[in-house]
Amino acid sequence: MVSAMMAGFTVAAAAYAGRCSIQAWQAFKARPPTAKLRRFYEGGFQSVMNRREAALILGVRERTPAEKVREAHRRVMVANHPDAGGSHYLASKINEAKELMLGKTKGGGSAF
C-alpha cells in the first residue's frame, strides 16, 4: 500500500515538474528579442575633442582615475595600432583622447 502511494506521488511530482518546464520554455520563447551586442557610438569625431568624446573613444567614464585611463588606452591601442594594420587616424585620436583624459593636452589637437 505504501509503495503504491509512493509511486503515485512520484508520478504526480514528475508530471508537475514537466508542466512547469513546458510553461517556462514557452515563456522563454515568447519573450521579445533583445540586442545581445553592445551598442557603439554611431557619430563621427568632433572638430575639437572634449572629455565626453575622449571617454567614449577609450571606453571609460569621464571621471575615471589615471591608471584606468592608461589601461583603457593600452587595450584600445593594441586593437588599433598602425603597425598591426590599424589606422593612423584612429591611433592619433586614441592618443589625443588619452592626453585629454590625463590633462596633458597642449591644445594642438589631432594631426589630422
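Fair warning: this is a prediction, and the values are worked out from it, not measured in the lab.

Thresholds, definitions, all that
Residues numbered from 1 in each chain as written. Predicted model: local features only at pLDDT ≥ 70, side-chain atom pairs only at ≥ 80, totals over all residues. Heavy atoms only, no water. Helix = DSSP H or I, 4+ residues; strand = E, 2+ residues; numbered from the N terminus. Buried < 20%, exposed > 50% of the residue type's maximum accessible area, 1.4 Å probe, protein only. Contact = heavy atoms within 4.5 Å. Areas by Shrake-Rupley, 256 points an atom, 1.4 Å probe, with all protein chains shown as cover. Salt bridge = Lys/Arg side-chain N within 4 Å of Asp/Glu carboxyl O. Phe/Tyr/Trp six-rings, centres within 6.5 Å; stacked < 30°, edge-to-face > 60°. Core = buried A, V, L, I, M, F, W, Y, C linked by side-chain atoms within 4.5 Å. Expected span 1.5 Å × (residues − 1). Arc of directions from axis to C-beta.

Novice: Help me understand the overall build of the protein, please; the structure alone is not making it clear to me.
Specialist: In terms of helices and strands, the protein carries four helices and zero strands. Of all 112 residues assigned to the protein, the portion counted as buried reaches 20%. Of the contacts formed within the protein by residues at least 6 apart in sequence, a portion of 45% connects residues at least 24 apart. When the accessible area of the protein is evaluated, it comes to approximately 9000 Å², of which 59% is carbon and sulfur surface.

Novice: I'm lost on the pattern of salt bridges in this one. Help?
Specialist: Between side chains of opposite charge, a pair can form when the charged atoms approach closely. Tallied over the full model, the rule gives two salt bridges. Linking glutamate 67 and arginine 70 is a salt bridge whose minimum nitrogen-to-oxygen distance equals 3.9 Å. Note that glutamate 67 and arginine 70 are positioned in helix 3 (residues 66-80) at a spacing of three residues, about one turn of the helix. Ionic pairing is found between glutamate 96 and lysine 93, a salt bridge with its closest N-O pair at 3.7 Å. Separated by three residues within a single helix, glutamate 96 and lysine 93 lie in helix 4 (residues 88-102), roughly one turn from each other. Look at glutamate 96 and you get buried, because its relative accessible area is 11%. Judged by relative accessible area, which is 5%, lysine 93 ranks as buried.

Novice: I'm lost on the packing of aromatic side chains in this one. Help?
Specialist: The geometry of an aromatic ring pair is captured by two quantities: the separation of the ring centres and the angle between the planes. Evaluation of the coordinates by the stated rule reveals two aromatic pairs. Ring centres of phenylalanine 45 and tyrosine 89 lie 5.5 Å apart, and the angle between their planes is 70°; on these two criteria the pair is classed as edge-to-face. Of this pair, phenylalanine 45 sits in the loop between helix 1 (2-30) and helix 2 (51-58) while tyrosine 89 is found in helix 4, placing the two residues 44 residues apart along the sequence. We classify phenylalanine 45 as partly exposed; its relative accessible area is 34%. Residue tyrosine 89 is classed as partly exposed on the basis of its relative accessible area, which comes to 33%.

Novice: Sorry if this is basic, but what is going on with the nonpolar core here?
Specialist: Inside soluble globular proteins, nonpolar side chains tend to come together where they are buried. Judged by nonpolar contacts, the single largest core of 15 residues is most densely connected at Ala54, Leu58, Val60, Val69, Ile94, Ala97 and Met101. Put simply, the parts of the chain that give this core at least two residues each are helix 2, helix 3 and helix 4. Looking at this core, the element that brings in the most residues is helix 4, giving six residues. In contact with leucine 58, not counting residues within four places along its chain, are Val69, Ala72, His73, Arg75, Val76, Ile94, Ala97, Lys98 and Met101.

Novice: Sorry if this is basic, but what is going on with helix 3 here?
Specialist: Count 3.6 residues to each turn of an α-helix, and residues three or four apart come out pointing the same way. Taking 1.5 Å per residue, 15 residues should reach 21 Å; helix 3 reaches 21 Å between its end C-alpha atoms and fits that length. Within helix 3, the full set of buried residues consists of Val69, Ala72, His73, Val76 and Met77. The buried side chains of helix 3 occupy one side of the element, clustering within an arc of 130° when seen end-on. Counted as exposed and oriented over 90 degrees from the buried face of helix 3: Arg74, Val78 and Ala79. Packed against the buried residues of helix 3 are helix 2 and helix 4.

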